[in-house]
Amino acid sequence: MTELIVQTLDEGVALSLPEGRGGLTLVPRRGQVLPLYHFRLGRVVHAAQELGLFRVQQTLLLSNDHTGDTELTGLWLDERLDDAERSLALEALVQGARQWIARHREACGDWLVLELPGWRRPDGSSPFWEALGARFYPHDAAAAQARWGSAWCSHLAALLPRQTLYLSFLGEAAQQACAQTDAAHAALLPTLQRLGFLPPLQVRIDDGGPVLSCPLPRG
């Protein structure tokens, strides 16, 4: 297995590959200072047999499901790597993170979590943000994220509704963007699924990007 470069940070542990091929940061017990927020994906069924109607609506509900779990954040891979090399690099980073977790199991939660960026148009705009977040924070989201860093979504959550939201109310563009990521990250999904990450049950609250998770062994 590839030997990783490990650096202890205030917020966690930075893991990087030799020769600048990629890296990420492992944050154990994420959200202990500020809760970690996502939208939980759900569904509501509207049915009326006598009318011949049966419709499934996808829903969003603000949640703290992964607060206290271990997050892999800041994932980056050298753009010069081809698809096969990117897959191997990602696998080495995730396996390295799991080795660290195994040595510090008591410091980690029940799940390993990885957020991917939400899908955006070529101009960088997010249909999901425009349909939802921008209605409650009518300012520059990029500037706010640059200012608050990883705390940005925790602050944003204070402005968002706590009630269940019907995704269809957000419009077609937001529905299509929800739980989708860009082409570069989408190409990594088969590798992440092979490593045990489940299809997204949550999405980011700012741009609707998929939140992947896999259970961690107990004890």
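Residues numbered from 1 in each chain as written. Predicted model: local features only at pLDDT ≥ 70, side-chain atom pairs only at ≥ 80, totals over all residues. Heavy atoms only, no water.

Draft legend 1. Inspection of the pairing of strand 7 (residues 111-115) at higher detail. In terms of residue burial, strand 7 counts as a mostly covered element, since four of its five residues are buried. One ladder, built from three bridges, connects strand 6 (residues 70-77) with strand 7; its direction is parallel. Bridged to glutamate 71 within strand 7 is valine 113. Handedness of the crossover is the feature at issue here: the chain leaves strand 6, passes through helix 1 (residues 83-103), returns alongside strand 7, and the resulting connection is right-handed. As defined by bridge partners, strand 7 adjoins strand 10 (residues 210-215) across five bridges and the pair is classed as antiparallel. Among the inter-strand pairings, leucine 114 is bridged to a residue of strand 10, identified as leucine 212. (Buried < 20%, exposed > 50% of the residue type's maximum accessible area, 1.4 Å probe, protein only. Helix = DSSP H or I, 4+ residues; strand = E, 2+ residues; numbered from the N terminus. Pairing = 2+ DSSP bridges. Right-handed = clockwise from strand over helix to strand, strands pointing away.)

Draft legend 2. The packing of aromatic side chains, seen in detail. The tally for this structure, following the rule as stated, stands at four aromatic pairs. When the centroid spacing of 5.3 Å and the interplanar angle of 65° are considered together, the rings of tyrosine 137 and tryptophan 152 count as edge-to-face. One end of the pair, tyrosine 137, is in the loop between helix 3 (133-136) and helix 4 (141-148); the other, tryptophan 152, is in helix 5 (residues 152-157), with 15 residues separating them in the sequence. Among the aromatic residues, those joined into a cluster by ring pairs are Trp129, Tyr137 and Trp152. (Phe/Tyr/Trp six-rings, centres within 6.5 Å; stacked < 30°, edge-to-face > 60°.)

Draft legend 3. Seen up close, the pattern of salt bridges. One pass over the full model with this rule turns up ten salt bridges. Between glutamate 91 and arginine 194 there is a salt bridge whose closest N-O contact spans 3.4 Å. Taken together, the positions of glutamate 91 in helix 1 and arginine 194 in helix 8 (residues 189-194) put the pair 103 residues apart, joining distant regions of the chain. According to the relative accessible area criterion, glutamate 91 is partly exposed, its value standing at 22%. (Salt bridge = Lys/Arg side-chain N within 4 Å of Asp/Glu carboxyl O.)

Draft legend 4. Local environment of the pairing of strand 9 (residues 198-203). Relative to strand 9, strand 4 (residues 38-48) runs antiparallel, the two being bridged by two bridges. Bridging across to strand 9, arginine 40 finds its partner in glutamine 202. The hairpin formed by strand 9 and strand 10 contains six residues between the paired strands, and glycine 208 there has a positive phi angle of roughly 75°.

Draft legend 5. Main features of the state of the cysteines. Scanning the entire structure with this criterion turns up zero disulfides. Free of any disulfide, cysteine 214 has its nearest cysteine sulfur in cysteine 108, 12 Å distant. (Disulfide = S-S within 2.5 Å.)

Draft legend 6. Representation of a nonpolar patch on the surface within the structure. On the surface, a nonpolar cluster with roughly 290 Å² of combined accessible area is contributed by Val45, Phe54 and Val56. Along the polypeptide, phenylalanine 54 turns up in strand 5 (residues 53-63). A relative accessible area of 61% places phenylalanine 54 in the exposed class. (Patch = residues over 30% accessible without salt bridge, like charges linked within 9 Å, V, L, I, M, F, W, Y side chains within 5 Å. Areas by Shrake-Rupley, 256 points an atom, 1.4 Å probe, with all protein chains shown as cover.)

Draft legend 7. Layout of the nonpolar core. Residues Leu72, Leu90, Leu93, Ile101, Leu112, Leu192 and Phe197 are the most contacted members of the largest nonpolar core, which totals 29 residues. Residue contributions to this core peak at eight residues, all from helix 1. Formed by 24 residues, the second largest nonpolar core is a distinct cluster that contains Trp129, Trp152, Leu160 and Cys178. (Core = buried A, V, L, I, M, F, W, Y, C linked by side-chain atoms within 4.5 Å.)

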